[in-house]
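Next come the chains, spelled out residue by residue.
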Amino acid sequence: MQAKIGVLYNVLVCFITSITSFTVFFLLKKRRKEKDVKYSQGIDYFCLSLGLLWLFVSLRAFFIWSGYLNLDSQVFQWLSGPLTYLHLLPVFHYLGWNFFKGKKIYPFFVGVFYLLTALTLFAFFNGEIIIGEVTYWGREIEPNALANKFFSYGIFVPAFLCILIDFFRRITRWKKTNILTEKQLFGFSFGLLLYCLFGVFDATGFAQGWVMLLLRIGIMLVPLLFYLSAIWESD
C-alpha cells in the first residue's frame, strides 16, 4: 500500500482540479445570466472542458491505485487522451473573439483549429499508444509520434503564441484605458498563459514527484483566477 500513496495523492489533486473547474464553470454561467458580461463564453466552456479532462485523469490514477491497469489504458485511449486535444477548442473561440470579434475571419480562424484538432485525433486513433511502467506517482501513457507532432506544432505552439500576443495586448490596453473589461481580459489571458506553462512541464515529464503535484495544484488555481477576473469590480 505504501508504494501507492503517491498515486493516491495524484487522484486527490486531479479530482479537486476537476471539481474546481466545474464549480467555476457554473459560477461563470450564473454570473452571465445576472450581469451584462463583455467577454467570450470560450472562458466558461474552457473551464467545463478542463473539468472533464482532469476528472478522467483522476479516474486513470484511481484505476492505477486500484490495480486495474487495463482500465487505465482504456480511459486514456477513449477519454483523457482525446480530451487533451479537444479541451483546447473553447480557448480558440476565446482567442478568435479577442482578435477578430465581428469580423469574417473569426469563423475561419476557429475552423482552422477545428481541422487541426480533427487531424490530431485521426492520428491519435490510428496509431498505437505507448504505455510506460507503473511508478510511485502513476503511469505515463503517450500517444503515437504523429499525433504528438500534430498537437505540438499544429495546436499548442500556435495557441501559445496567440495567448502570448494577447497577454501583452491586454497589458497595454489595461494601462492605457484602465477600464474594467480590459482588467478582466488581462486576467483571463494571464490565466491561459499560466495554464500553457504549467501544461508544458506536466506533459513533457520535466517535473516529477512532488513537483508534478505542485504543478497540478497550479493548474487547479487557473479556473479560480478566471473567476476572480470575472468578478473584478471597478475601483
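Reading the values: the criteria
Residues numbered from 1 in each chain as written. Predicted model: local features only at pLDDT ≥ 70, side-chain atom pairs only at ≥ 80, totals over all residues. Heavy atoms only, no water. Helix = DSSP H or I, 4+ residues; strand = E, 2+ residues; numbered from the N terminus. Rg over C-alpha atoms; globule rule 2.2 N^0.38 Å. Buried < 20%, exposed > 50% of the residue type's maximum accessible area, 1.4 Å probe, protein only. Areas by Shrake-Rupley, 256 points an atom, 1.4 Å probe, with all protein chains shown as cover. Phe/Tyr/Trp six-rings, centres within 6.5 Å; stacked < 30°, edge-to-face > 60°. Salt bridge = Lys/Arg side-chain N within 4 Å of Asp/Glu carboxyl O. Patch = residues over 30% accessible without salt bridge, like charges linked within 9 Å, V, L, I, M, F, W, Y side chains within 5 Å. Expected span 1.5 Å × (residues − 1). Pairing = 2+ DSSP bridges. Axes fitted to C-alpha atoms, helices over the stretch in contact; angles between N-to-C directions. Parallel < 35°, antiparallel > 145°, perpendicular 65-115°, else oblique. Left-handed = near helix turned anticlockwise from the far one by under 90°. Nonpolar A, V, L, I, M, F, W, Y, C, P; charged D, E, K, R; others polar.

Account for the overall build of the protein chain, naming residues and giving values.
When its secondary structure is counted, the protein chain shows eight helices and two strands. Tracing the protein chain from N to C terminus, the helices and strands come up as α-α-α-α-α-β-β-α-α-α. Over its C-alpha trace the protein chain gives a radius of gyration of 18 Å, about what one expects of a compact globule, namely 18 Å for 235 residues. C-alpha atoms of the protein chain, sized along the principal axes, occupy 55 × 35 × 30 Å. A total of 235 residues make up the protein chain; the buried ones form 48% of that total. Accessible surface computed for the protein chain: about 12,100 Å², of which carbon and sulfur atoms make up 71%.

Now, about the packing of aromatic side chains: what can you tell me, with residues and values included?
Throughout the structure, instances matching the rule amount to 29 aromatic pairs. An angle of 65 degrees between the planes, with centres 5.1 Å apart, marks the rings of phenylalanine 25 and phenylalanine 26 as edge-to-face. Taken together, a centroid distance of 6.2 Å and an interplanar angle of 20 degrees make the contact between phenylalanine 156 and phenylalanine 160 stacked. With phenylalanine 156 and phenylalanine 160 both in helix H6 (residues 145-177) and four residues apart, this pair spans about one turn of that helix. Residue classification places phenylalanine 156 among the partly exposed residues on the basis of a relative accessible area of 22%. Among the aromatic side chains, those forming a connected cluster through ring pairs are Phe76, Trp78, Tyr85, Phe124, Phe125, Phe151, Phe156 and Phe160.

Now, about the pattern of salt bridges: what can you tell me, with residues and values included?
Inspection of every chain in the model, using the stated rule, returns seven salt bridges. With its nearest N and O atoms 2.7 Å apart, the salt bridge here joins lysine 30 to glutamate 34. Residue lysine 30 and its partner glutamate 34 are located together in helix H1 (residues 5-34), separated by four residues, close to a single helical turn. In this structure lysine 30 comes out as partly exposed when scored by relative accessible area, which is 46%. Note on glutamate 34: relative accessible area 53%, which makes it exposed. As a salt-bridge pair, glutamate 182 and arginine 170 come within 2.9 Å of each other at their nearest N and O atoms. Here arginine 170 lies in helix H6 and glutamate 182 lies in helix H7 (residues 180-204), a separation of 12 residues in the sequence. Residue glutamate 182 shares its accessibility class with arginine 170, and that shared class is buried. Shared partners join several salt bridges into a network, and the residues in it are Asp166, Arg169, Arg170 and Glu182.

Pulling in residues and values, what's your account of a nonpolar patch on the surface?
A cluster of nonpolar side chains, namely Leu214, Ile217, Leu221 and Leu224, defines an oily patch on the protein surface of about 350 Å² accessible area. In this structure, isoleucine 217 sits in helix H8 (residues 210-230).

Residue-level account of helix H2 (residues 42-66), with values.
A rise of 1.5 Å per residue sets the reference length of H2, with its 25 residues, at 36 Å; its end C-alpha atoms lie 36 Å apart and thus fit the reference within 8%. Immediately downstream of H2, the backbone of glycine 67 shows phi near 90 degrees, a positive value.

How would you explain the pairing of strand S1 (residues 130-134) if you had to name every residue and give the values?
Note: S1 against strand S2 (residues 139-142), three bridges, orientation antiparallel. Bridged to valine 134 within S2 is arginine 139. Between S1 and S2, which pair antiparallel in sequence order, lie four residues; one of them, glycine 138, sits at a positive phi of approximately 150 degrees.

Explain the packing of H1 against H2 to me, using residue names and the numbers behind them.
The description of two helices packed together rests on the angle between their axes and the distance between the axes. Running from N to C, H1 and H2 cross one another at 160 degrees; their axes reach a closest spacing of 7 Å. Relative to H2, the element H1 is oriented roughly antiparallel. Crossing of H1 against H2: the hand is left-handed. Taken together, the residues of the contact of H1 with H2 break down into 22 nonpolar, six polar and three charged.

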